[in-house]
Amino acid sequence: MCNSNVGTKSGSEDSSFNNLLLCALFICGDSMDIDYLTECVDLAIRASELDEVPVGALVVKNNKIIGRGYNKKESSNLCTRHAEVEAIEKANKSVGSWRLDNCVLYVTLEPCLMCCGAILESRIDKVVYLSKRTNVLYNSSDYINSILYDDAVDLKEKYLDILSDFFKKKR
């Protein structure tokens, strides 16, 4: 995947450095995605323990978490207290602005339409989610730059078990 000719003329002295940099970004980015999604699953577990639908979210800027959230609809009696909104609001406070340019939102479950609106309004660049919603007639990628993360099969299975167990207890 990494090619010594990427981005420079073959044989240039910067070629090896650019290749190393591109490879490092590719490898670290992938590893960081899994780390961030793992933390999202931990936040989803916290939500579930509080009898909330288990969804967790993080906002990341420059590889630093600037906002965390999990669902709080039941405890707050507010329909807008989704994990994504919680994380976005904390990120807004962290950077002192409503604009979250150059940020990535990580979330366990594909965002709903309300959260897609909040993501658009906050100017978040990209959303990485672990599991697709199955009960909706829309695709979040029609509204936001969203990516289903398929490389963490074990983590996805763990999350889907948490989600399934939560709803089994509700029935």
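Please read all numbers here as calculations on a predicted model, not as lab measurements. (Residues numbered from 1 in each chain as written. Predicted model: local features only at pLDDT ≥ 70, side-chain atom pairs only at ≥ 80, totals over all residues. Heavy atoms only, no water.)

Asker: Got a sec to walk through the overall build of the protein? Specific residues and values, please.
Answerer: Across its full length, the protein carries five helices and five strands. Overall, the protein shows an N-to-C arrangement of helices and strands of α-β-β-α-α-β-α-β-β-α. Of the contacts formed within the protein by residues at least 6 apart in sequence, a portion of 50% connects residues at least 24 apart. (Helix = DSSP H or I, 4+ residues; strand = E, 2+ residues; numbered from the N terminus. Contact = heavy atoms within 4.5 Å.)

Asker: A description of helix α3 (residues 83-95) should follow, citing residues and the corresponding values.
Answerer: Here α3 is 13 residues long and its end C-alpha atoms lie 18 Å apart, about the 18 Å a rise of 1.5 Å per residue gives. By the burial criterion, the buried members of α3 are Ala-83, Glu-84, Val-85, Glu-86, Ala-87, Ile-88, Ala-91 and Asn-92. Residues of α3 that are buried make contact with β1 (56-61), β2 (64-70), β3 (103-109) and α4 (113-122). Phi turns positive one or two residues past the end of α3, at Gly-96, with a value near 70°. (Expected span 1.5 Å × (residues − 1). Buried < 20%, exposed > 50% of the residue type's maximum accessible area, 1.4 Å probe, protein only.)

Asker: Go over the packing of aromatic side chains with me, naming the residues and quoting the values.
Answerer: Scanning the entire structure with this criterion turns up three aromatic pairs. Ring centres of Tyr-36 and Tyr-106 lie 4.9 Å apart, and the angle between their planes is 45°; on these two criteria the pair is classed as tilted. In this pair, Tyr-36 sits in helix α1 (residues 15-49) while Tyr-106 sits in strand β3, placing the two residues 70 residues apart along the sequence. By the burial criterion, Tyr-36 is buried, and Tyr-106 matches it. Ring geometry for Tyr-138 and Tyr-143: centres 6.4 Å apart, planes at 65°, overall edge-to-face. (Phe/Tyr/Trp six-rings, centres within 6.5 Å; stacked < 30°, edge-to-face > 60°.)

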